[in-house]
There are 2 protein chains.
Amino acid sequence: MSAEQMSALIERRLQAYLSDARIPPHLAEVMAYSVMAGGKRLRPRMLLAACDMLHGDVERALPLACAIEMIHTYSLIHDDLPCMDNDDYRRGKPTNHKVYGEGFAVLAGDGLLSYAFEIMLEAALANANDSAYLKAVDAVAKGAGVHGMVAGQACDLVNERQPAGDAQTLRHIHENKTGAMLKAAVCAGGYAAGGDETAIRALEDFGTAYGLLFQITDDILDVEGDFARMGKTLGKDASADKLTYVRLFGLETAREKAQAAACDARAALAVFEDRAAFFLALIDQTLARKS
Amino acid sequence: MSAEQMSALIERRLQAYLSDARIPPHLAEVMAYSVMAGGKRLRPRMLLAACDMLHGDVERALPLACAIEMIHTYSLIHDDLPCMDNDDYRRGKPTNHKVYGEGFAVLAGDGLLSYAFEIMLEAALANANDSAYLKAVDAVAKGAGVHGMVAGQACDLVNERQPAGDAQTLRHIHENKTGAMLKAAVCAGGYAAGGDETAIRALEDFGTAYGLLFQITDDILDVEGDFARMGKTLGKDASADKLTYVRLFGLETAREKAQAAACDARAALAVFEDRAAFFLALIDQTLARKS
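Residues numbered from 1 in each chain as written. Chains lettered and ligands numbered in written order. Predicted model: local features only at pLDDT ≥ 70, side-chain atom pairs only at ≥ 80, totals over all residues. Heavy atoms only, no water.

### So, the overall build of chain A
Here comes step 1: Helix and strand content of chain A: 12 helices and 2 strands.
Here comes step 2: Walking chain A from its N terminus toward its C terminus, one meets helices and strands in the order α-α-α-α-β-β-α-α-α-α-α-α-α-α.
Here comes step 3: For a compact globule of 291 residues, the expected C-alpha radius of gyration is about 19 Å, and chain A comes in at 19 Å, within 12% of that figure.
Here comes step 4: Seen through its principal axes, chain A has C-alpha atoms that stretch 55 × 50 × 30 Å.
Here comes step 5: Across the 291 residues in chain A, those meeting the buried criterion constitute 58%.
Here comes step 6: The long-range fraction of contacts in chain A, counting pairs at least 24 apart against all pairs at least 6 apart in sequence, stands at 72%.
Here comes step 7: Both charge centroids of chain A, one from 30 positive and one from 40 negative side chains, sit 3 Å from each other. (Helix = DSSP H or I, 4+ residues; strand = E, 2+ residues; numbered from the N terminus. Rg over C-alpha atoms; globule rule 2.2 N^0.38 Å. Buried < 20%, exposed > 50% of the residue type's maximum accessible area, 1.4 Å probe, protein only. Contact = heavy atoms within 4.5 Å. Lys, Arg positive; Asp, Glu negative; His and termini not counted. Charge placed at Lys NZ, Arg CZ, Asp CG, Glu CD.)

### Here's the deal with the layout of surface pockets
Residue and element names in this part refer to chain A.
Here comes step 1: Space inside the second largest pocket adds up to approximately 1600 Å³.
Here comes step 2: In this structure, the second largest pocket is lined by 44 residues; those nearest its centre are Asp85, Arg90, Asp218, Asp222 and Lys242.
Here comes step 3: Contributing elements (two or more residues each) for the lining of the second largest pocket: helix 3 (42–53), helix 4 (58–80), strand 1 (89–90), helix 8 (149–161), helix 9 (167–192) and helix 10 (197–230).
Here comes step 4: Looking at the lining of the second largest pocket, its residues break down into 12 nonpolar, 10 polar and 22 charged. (1 Å grid on protein atoms, 1.4 Å probe; cavity = no way out; pocket = protein on both sides within 12 Å on 5 of 7 lines; lining within 4 Å. Points joined across faces, edges and corners; volume = space filled by probe spheres on them. Nonpolar A, V, L, I, M, F, W, Y, C, P; charged D, E, K, R; others polar.)

### So, helix 11 (residues 245–269) of chain A
Note that an α-helix has 3.6 residues per turn; residues three or four places apart therefore point the same way.
Residue and element names in this part refer to chain A.
Here comes step 1: Taking 1.5 Å as the rise per residue, helix 11 with 25 residues should run 36 Å; its terminal C-alpha atoms sit only 25 Å apart, a clear shortfall.
Here comes step 2: The largest bend along helix 11 measures about 100° and falls at Leu251.
Here comes step 3: Burial in helix 11 covers these residues: Tyr245, Val246, Leu251, Ala254, Ala258, Ala261, Ala262, Ala265, Ala268 and Leu269.
Here comes step 4: Taking the backbone nitrogen of Val246 as reference, a side-chain oxygen 3.3 Å away marks Thr244 as the first, capping residue of helix 11. (Expected span 1.5 Å × (residues − 1). Bend = angle between axes of the 7 residues up to and from the residue. Polar contact = N/O pair within 3.5 Å; in protein donor to acceptor, adjacent residues only side chain to side chain.)

### Notes on helix 1 (residues 3–18) of chain A
Residues and elements named next belong to chain A.
Here comes step 1: For helix 1, which comprises 16 residues, the first-to-last C-alpha distance of 23 Å matches the rise-based estimate of 22 Å (1.5 Å per residue) to within 8%.
Here comes step 2: Among the residues making up helix 1, those that are buried are Met6, Leu9, Ile10, Leu14, Tyr17 and Leu18. Buried residues of helix 1, seen end-on, are gathered within an arc of 150° and therefore sit on one face of the element. Helix 1 presents Glu4 and Arg12 as exposed residues on the side facing more than 90 degrees away from its buried surface. (Arc of directions from axis to C-beta.)

As far as function goes, none of this settles anything; it's purely spatial.
Right, here's the structure in full:
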C-alpha cells in the first residue's frame, strides 16, 4: 500500500471516530479541534507502514494507528496547558485551552486518551482469536504510560524545576517522552502483522534509534529556527535554559550524533531488506527536516 | 470471600502497583498521594463482590478492581483542578494540586488513567485464552470514556455554564458521570467471573439503579450537610446554583426517589438469590449513608 493511501485511510478513520454521535457534541468538537489541527500523522503512518512492511493487513491495524494519534494529541493538549508549558500557539493555531478554556482542554485530553483505549479494545475484541493483536494494544499502552511517555513528561517537569543537565538525564527524558511512543508505533504495527520475535526485536531497535534521531534533529531545528527568527549569529543557543542536545554538545556534535542515530536506525532495518523503503526514506527526511 | 478479605486484597495490590520501581519516584509519589487518601474503595469492592457472587476467581479480577480505583482517582484529581471544580480539600486533606502543583496533578491523573489500562492489558494478556476477560476490560473502558464518565463530566461543565436545569439533563449527567463507572464495576466483575448473558443483564440493571440511588443520596447528603454546617432551617437548599435532585424535586420527593431506586436495585438482584448479600447490604448502607 502506498504512503498516500495509508495517510488517506488514517484521515478518514479519524474523522469517522470523532463524528461518533454518542459523544456529547461540545466534547467531540473540542477533541476534534486538536486532532484535526494539521498534525503530520507521523506515529500512525509509522504504525501502518510497519504492519505493511511485515505483510500485515493495514486496515486491521487502522484502529491502533488512530488510537496512537489520539494519545499523541492528548499529550500535546495537556502539555500546552498554562500549568505545563503554557503555549498559546501550536502549528500556527491557538492551542486548545486558548479556544475552549482550560477545563475543556483537560477533559478533551482525558477524553482522547480514554477513547483511544476504547477503540483499541473494541478492535482487540473483534480480533479476540489473535493474541498478537492484544500485544499490539499493550505496546501502545506501555509506550503511553508511566513507564513511557507520562514518565518522560514527569521527568521533564522535575528537571525544569531543578535543572540537572547531564547527558544521561537528557537521554532518559527523551527516550521516554518522545522515543517511547515512536517505538510503540512500530512495535504495535509489527504485532498487528503477526511479526515474529526477530522482526519485533528489529522494530524495537529501529524505534529506539529513530526516536533519538527525531529528538536530536528537533533540538537542532529549534536552534536554527531561533537563529533564523532572531538573526542571531551561530554559536549562541537561543533557548539556553532548556536541556537540549545542542546545548549539551554544541551544534556540530549534535549533527554528528544525529548521523550516528540515523546509521543505527538503518542498520536495524537491514533484516527487512527491500521492504524497508518507507522507513529508509523517513530517516532521510528526518535528517533533512525543516519543520 | 468476606468483604474484609476483599478490602485487604485491594489495599495490598494498590500499594504494590504504586511501589513499582520503574515509575519515576516523584510521579509515583504524586499518584499515590491521591490513591491512598482514604477512599472507600466502593468501585473495586463492588467489582470483586460481583465476581465473587458469580463464583468467579476474585484474585484474577483484582487487577481490574485496582484499575477502576485508579481511574476513579484520576477523575477526582482532574475534577478538583482550579479550571474545573477548584476544590482545595477532599476527604479533609488538601487536594493533589494544592500539594504538588497543577502541572503534576494533571500528569498524575494522566498517569493513573494510563497505568490503569496498562495493568488491565497485562492481566488480559495473562488471560488471553479467555475472551470474557477482555470484555471486562472493555466494560471498564466504556464506563470511563467519552460514552461514559468523561461524557458526564463534559455535560456537567457545559451545564454549569449554561444552566438548563431539567430532570432529563440531570439524569443524563449522573448516569454518565457517576452511574457509568458503578455499572462498569459490577459488569466487569461479572465478565471476569465468566457470567452468562442473564447475569450480565441483571448486573447492568442493578448498576443503573444503584448509580441513581447513589447520586440521589449524595444530593440529599449535600443538603443535609449544608444544613448541619450552617445551621440553616430545613426547606432552603444551600447549594441553590447546582443542579441536584433535591433542588429539582425537594427533599421529600428526592427521598422517595431514592427508595424507588433502591427497590429497582433489589429487584435486579433477585436472580442471584442468597448470593446477593453484599449488594443488598450495600443498598441499605447507601440509603442510610452519612458520608
